[in-house]
Amino acid sequence: MRNSLTQLWLLGALDDAGDLTEIGKAMVEFPLDPPLSKMVLTATKHGCADEVITIVSMLSVPSIFYRPKERAEESDAAREKFLVPESDHLTLLNVYRQWLSHGSSDSWCLQHFIHPKALKRAQEVREQLLDIMRQQHLSISSVGSDWDRVRRCLAAAYVHKAARVKGIGEYVNLRSGMPCHLHPTSALYGLGHLPDYTVYHELVLTSKEFMQCVTAVDPAWLADA
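Residues numbered from 1 in each chain as written. Predicted model: local features only at pLDDT ≥ 70, side-chain atom pairs only at ≥ 80, totals over all residues. Heavy atoms only, no water.

### Here's the deal with the pattern of salt bridges
Throughout the structure, instances matching the rule amount to 12 salt bridges. A salt bridge links arginine 134 to aspartate 131; the shortest N-O distance between them is 3.0 Å. Pair noted here: arginine 134 and aspartate 131 are both in helix α8 (residues 116-135), with a separation of 3 residues, about one helical turn. Of the residues examined, arginine 134 reaches a relative accessible area of 47% and is grouped as partly exposed. Among the salt bridges present, the one from aspartate 148 reaches arginine 151, with a minimum N-O distance of 2.9 Å. Placement of both aspartate 148 and arginine 151 in helix α9 (residues 148-157) is noted, with a separation of 3 residues, approximately one turn of the helix. Classification of aspartate 148 as partly exposed rests on a relative accessible area of 41%. (Salt bridge = Lys/Arg side-chain N within 4 Å of Asp/Glu carboxyl O. Helix = DSSP H or I, 4+ residues; strand = E, 2+ residues; numbered from the N terminus. Buried < 20%, exposed > 50% of the residue type's maximum accessible area, 1.4 Å probe, protein only.)

### Points about the sheet that holds strand β5 (residues 209-216)
Spatial strand order, β1-β2-β3-β5-β4: 5 strands in a closed barrel with mixed pairing. Going across the sheet, the axis of each strand differs from the next one's by a mean of 55°, ignoring polarity. Inspection of the sheet shows strand β3 (residues 179-182) paired to β5 by 2 bridges, in the parallel sense. Bridge pairing in β5 places histidine 181 opposite phenylalanine 210. On top of the sheet, helix α6 (residues 88-101) reaches β4 (197-205) and β5; it is set at about 70° to β5, its chief contact. (Pairing = 2+ DSSP bridges. Axes fitted to C-alpha atoms, helices over the stretch in contact; angles between N-to-C directions. Contact = heavy atoms within 4.5 Å.)

### Observations concerning the layout of surface pockets
In this structure, the largest pocket occupies an estimated 680 Å³ of space. Looking at the lining of the largest pocket, the element that brings in the most residues is β5, giving 4 residues. Partitioned by chemical class, the residues of the lining of the largest pocket number 15 nonpolar, 9 polar and 5 charged. (1 Å grid on protein atoms, 1.4 Å probe; cavity = no way out; pocket = protein on both sides within 12 Å on 5 of 7 lines; lining within 4 Å. Points joined across faces, edges and corners; volume = space filled by probe spheres on them. Nonpolar A, V, L, I, M, F, W, Y, C, P; charged D, E, K, R; others polar.)

See the structure below:
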């Protein structure tokens, strides 16, 4: 309960007395986890709601990629074509846009080891979120290729899930000090250098704590948030 209240306070949804703020009241209108609601609302201010809604929709469905053991190398090579340096979130956006540009084709998905049903479900979620935004009279605009604004929104939404680099492939959560690691499938893993600061969607425990869906951010964005 304490952790949840702290997270809502960090996101600006609660004030110091524990009451809902104006941002908190707006976040309630979305059927999303609080960080994702905050991400959408922040995006309306930065003019990148179109991109962020797509990312949130992709995060709301099961993993879109699949990796059959007998074709592991082939599927890894297909996945690498979509990677956006320094951001798994932007990689998801890239996949969705590529899918649309190929006519939302199932055969294209299977060729690239992507679950077509997951993308169709993401499209449905996206339409639902767009409807809510229209009802709330929120701005839905696109930034085109200025993806730094999108990463800034990610920093604001995941300020409680920010980490700084500590060693080779290892990070520590800024708030809790918990060690966490880049997963080998992350776009950041093969960069050749480790960004000093990142934010992540969630932690997954297998052999160790892996950050899932990671984006490199500017520490100044975290300070602002």
